[in-house]
Amino acid sequence: MPGLIRGVARTAVVAGTATAVSNRVSRRQAGRWAQQDAGPAQAYQAPPTAAAPSSTEDTLDQLQKLAALKEQGVLTEAEFAAQKAKILGT
């Protein structure tokens, strides 16, 4: 009987260790994939504007650049609207 208990205990330890290692590897891979997925998205974000432009020409120029980014698919509709609101000061 002691041999049987020892065998069951050894199996439980091995299985527990394997599960812990497997979970850690899965979490690490998920973190790496999340970083890879987030990397390109962050590279395409428009830089934040510090203040509203002082002249009408500057405003029009910024809006044209913003529209071009949206047409290229770099900005989503929501990002475009948020940046447009910042430029217009609304």
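Just so it is clear, the model here is predicted, and its values are computed rather than measured. (Residues numbered from 1 in each chain as written. Predicted model: local features only at pLDDT ≥ 70, side-chain atom pairs only at ≥ 80, totals over all residues. Heavy atoms only, no water.)

## Quick notes on the overall build of the protein chain
Test applied: Helical segments are the DSSP runs of H or I of at least four residues, strand segments are the runs of E of at least two, and each set is numbered from the N terminus. A 1.4 Å probe and the Shrake-Rupley method give the accessible areas. Residues count as covered only by the protein chains that appear here.
Within the protein chain, the regular secondary structure consists of three helices and zero strands. The helix and strand sequence of the protein chain, counted from the amino end, reads α-α-α. For the protein chain, the computed accessible surface area is about 7200 Å², with 58% contributed by carbon and sulfur atoms.

## Structural notes on the packing of helix 2 (residues 56-72) against helix 3 (residues 77-88)
Keep this limit in mind: Here an angle of 0 to 180 degrees is reported between the N-to-C directions of two axes, which are lines fitted to C-alpha atoms, with helices fitted over the stretch in contact. Note that the term roughly parallel is reserved for angles under 35 degrees, roughly antiparallel for angles over 145, roughly perpendicular for angles of 65 to 115, and oblique for everything else. The contact rule is simple, with two residues in contact once any of their heavy atoms fall within 4.5 Å. Each residue is assigned to one of three groups, with Ala, Val, Leu, Ile, Met, Phe, Trp, Tyr, Cys and Pro labelled nonpolar, Asp, Glu, Lys and Arg labelled charged, and all others, Gly among them, labelled polar.
Between helix 2 and helix 3, the shortest axis-to-axis distance is 10 Å and the interhelical angle comes to 175°. It follows that helix 2 is roughly antiparallel to helix 3 by the angle criterion. For the pair helix 2 and helix 3, the contacting residues are Thr59, Gln62, Leu63, Leu66, Ala67 and Lys70 in the first and Glu77, Phe80, Gln83, Lys84, Ile87 and Leu88 in the second. Each residue belonging to the contact of helix 2 with helix 3 can be placed in one class, and the counts come to six nonpolar, three polar and three charged.

## So, the pattern of salt bridges
Selection rule: By salt bridge we mean one thing: a side-chain nitrogen of Lys or Arg within 4 Å of a carboxyl oxygen of Asp or Glu. Relative accessibility under 20% of the residue-type maximum defines a buried residue, over 50% an exposed one, and the middle range a partly exposed one, all with a 1.4 Å probe and only protein chains included.
All told, the structure shown has two salt bridges when counted by the stated rule. Linking aspartate 61 and lysine 65 is a salt bridge whose minimum nitrogen-to-oxygen distance equals 3.4 Å. Separated by four residues within a single helix, aspartate 61 and lysine 65 lie in helix 2, roughly one turn from each other. The class for aspartate 61 is partly exposed, based on a relative accessible area of 35%.

## A few points about a positive patch on the surface
We count it as follows: Here the term patch refers to residues with relative accessible area over 30% and no salt bridge, with like charges joined within 9 Å and nonpolar side chains (Val, Leu, Ile, Met, Phe, Trp, Tyr) within 5 Å. When charges are counted, Lys and Arg are positive and Asp and Glu negative, with His and the chain ends excluded. Charge positions are represented by NZ for Lys, CZ for Arg, CG for Asp and CD for Glu.
There is a patch of like positive charges on the surface, built from Arg24, Arg27, Arg28 and Arg32. Residue position: arginine 32 is located in helix 1 (residues 2-43).

## Observations regarding helix 3
How we decide: Helices are assigned an expected span. That span is 1.5 Å times one less than the residue count. Note: the arc covers the axis-to-C-beta directions of the helix.
Compared with an ideal rise of 1.5 Å per residue, which puts 12 residues at 16 Å, helix 3 spans 16 Å between its outermost C-alpha atoms and is within 8% of the ideal. Of all the residues in helix 3, the buried ones are Phe80, Gln83 and Ile87. Seen along its axis, helix 3 keeps its buried residues to an arc of 75°; they face one direction. Turned more than 90 degrees away from the buried face of helix 3 sit Glu77 and Ala78, all of them exposed.

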